[in-house]
Amino acid sequence: MKSTASTAELLEKVRALVRPERLEHILRVAALAKEIAEKNGLDGERAYLAGLLHDAARDLPEEELKRLAPPENEVERAHPLSLHGRAARRLAEAWGVGDEEVLEAIEGHVHGVDPENALGMALYVADISEPGRGVNGEIRELALSGELLEAYRRAVENKVNYLAAKGIPVHPKTLAVYRSLKDAP
């Protein structure tokens, strides 16, 4: 199901909610998600849409994040910023986006998606490896070479290892994705 709003209208809605630096990141992620998707035989426009909306809620105050996406576990209660993916999904739905795979990608860009959601994997990899971050270039290149699942596996492993090294609790969804990817061929 397509969005009832145009990409230009959605961009303006996002622009109104985020800092200019965040918008620059969002646009880089959207462009990279589109490129990764296309290199892996996926719909680039849907990946671009997911990228455009993924951080729409990232700069909202904690109370607004909690209103849009009430915490579901201790990690989310302790770290309200971890709610921004689910909150962005709620905003996208309110703005007329009805494509379930796009919505799952938006929500899952924080904690990970089921590997069945290739669009979500493309967005997750684009978010952690967009050139403005200055890290994970090898993961980006792997995804752009058509190895999306392996790039996603490495991206999730990196996140789990990073959080563990920092002593930050790993979200249960991230752990579930991590375990499923470890068990996958």
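The structure we're discussing is the one just above.
Bear in mind that the values here come from a model prediction, so they are computed numbers and not experimental data.

Draft legend 1. Representation of the pattern of salt bridges within the structure. All chains considered together, the criterion is met by 23 salt bridges. Put simply, Lys-66 and Glu-63 hold a salt bridge, and the shortest N to O gap is 3.6 Å. Of this pair, Lys-66 and Glu-63 both sit in helix α4 (residues 62-68), 3 residues apart, roughly one helical turn. For Glu-63, a relative accessible area of 56% translates into the label exposed. A salt bridge links Arg-67 to Glu-64; its shortest N-O distance comes to 2.8 Å.

Draft legend 2. Layout of the nonpolar core. Judged by nonpolar contacts, the single largest core of 59 residues is most densely connected at Ile-36, Leu-53, Val-125 and Tyr-152. Ranked by the residues each element gives to this core, the list is headed by helix α8 (residues 118-129), at 9 residues. Sequence-distant contacts of Tyr-152, defined by excluding residues within four places in its chain, comprise Gly-112, Val-113, Met-121, Tyr-124, Val-125, Val-177 and Leu-181.

Draft legend 3. Expanded view of the layout of surface pockets. As a volume, the largest pocket reaches approximately 830 Å³. If you trace the largest pocket, you find 30 residues lining it, with Val-110, Arg-133, Lys-159, Tyr-162 and Leu-163 closest to the centre. Looking at the lining of the largest pocket, the element that brings in the most residues is helix α10 (residues 148-166), giving 5 residues. Classifying every residue of the lining of the largest pocket gives 11 nonpolar, 11 polar and 8 charged.

Draft legend 4. Representation of the side chain of Arg-22 in the model. Locating Arg-22 in the fold gives a position in helix α2 (residues 20-39). Among the polar contacts made by the side chain of Arg-22, one reaches the side chain of Asp-59 at a distance of 3.1 Å. Not counting residues up to four positions away in its chain, the partners in contact with Arg-22 are Asp-55, Arg-58 and Asp-59.

Draft legend 5. Highlighting helix α6 (residues 84-94). Of all the 11 residues making up α6, 8 are buried; the element is thus mostly covered by neighbouring parts of the structure. For α6, the elements touching its buried residues are α3 (44-53), α4, α5 (74-78) and α7 (100-108). Taken from the residues just after α6, Gly-96 is the one with a positive phi, measuring 100 degrees.

Draft legend 6. Examining the packing of aromatic side chains more closely. Here the structure, examined in full by the defined rule, presents 1 aromatic pair. Ring centres of Tyr-124 and Tyr-152 lie 5.3 Å apart, and the angle between their planes is 85 degrees; this geometry places the pair in the edge-to-face category. With Tyr-124 in helix α8 and Tyr-152 in helix α10, this residue pair connects regions lying 28 residues apart in the sequence. Here Tyr-124 matches Tyr-152 in class, with each residue buried.

Draft legend 7. Molecular detail of the packing of α8 against α10. Direction vectors running N to C along α8 and α10 enclose 55 degrees, while the axes themselves pass 9 Å from each other. It follows that α8 is oblique to α10 by the angle criterion. Of the two elements, α8 crosses α10, and the hand of that crossing is left-handed. Between α8 and α10, the contacting residues are Ala-118, Met-121, Ala-122, Tyr-124, Val-125 and Ile-128 on the first element and Leu-148, Leu-149, Ala-151, Tyr-152, Ala-155, Val-156 and Lys-159 on the second.

Draft legend 8. Quick look at the environment of Ala-164. Looking at where Ala-164 falls in the secondary structure, it is placed in helix α10. For Ala-164, a relative accessible area of 54% translates into the label exposed. Measuring from C-alpha to C-alpha, the distance between Ala-164 and Gly-108 comes to 20 Å, with 56 residues separating the pair along the chain.

Reading the values: the criteria
- Residues numbered from 1 in each chain as written.
- Predicted model: local features only at pLDDT ≥ 70, side-chain atom pairs only at ≥ 80, totals over all residues.
- Heavy atoms only, no water.
- Salt bridge = Lys/Arg side-chain N within 4 Å of Asp/Glu carboxyl O.
- Helix = DSSP H or I, 4+ residues; strand = E, 2+ residues; numbered from the N terminus.
- Buried < 20%, exposed > 50% of the residue type's maximum accessible area, 1.4 Å probe, protein only.
- Core = buried A, V, L, I, M, F, W, Y, C linked by side-chain atoms within 4.5 Å.
- Contact = heavy atoms within 4.5 Å.
- 1 Å grid on protein atoms, 1.4 Å probe; cavity = no way out; pocket = protein on both sides within 12 Å on 5 of 7 lines; lining within 4 Å.
- Points joined across faces, edges and corners; volume = space filled by probe spheres on them.
- Nonpolar A, V, L, I, M, F, W, Y, C, P; charged D, E, K, R; others polar.
- Polar contact = N/O pair within 3.5 Å; in protein donor to acceptor, adjacent residues only side chain to side chain.
- Phe/Tyr/Trp six-rings, centres within 6.5 Å; stacked < 30°, edge-to-face > 60°.
- Axes fitted to C-alpha atoms, helices over the stretch in contact; angles between N-to-C directions.
- Parallel < 35°, antiparallel > 145°, perpendicular 65-115°, else oblique.
- Left-handed = near helix turned anticlockwise from the far one by under 90°.

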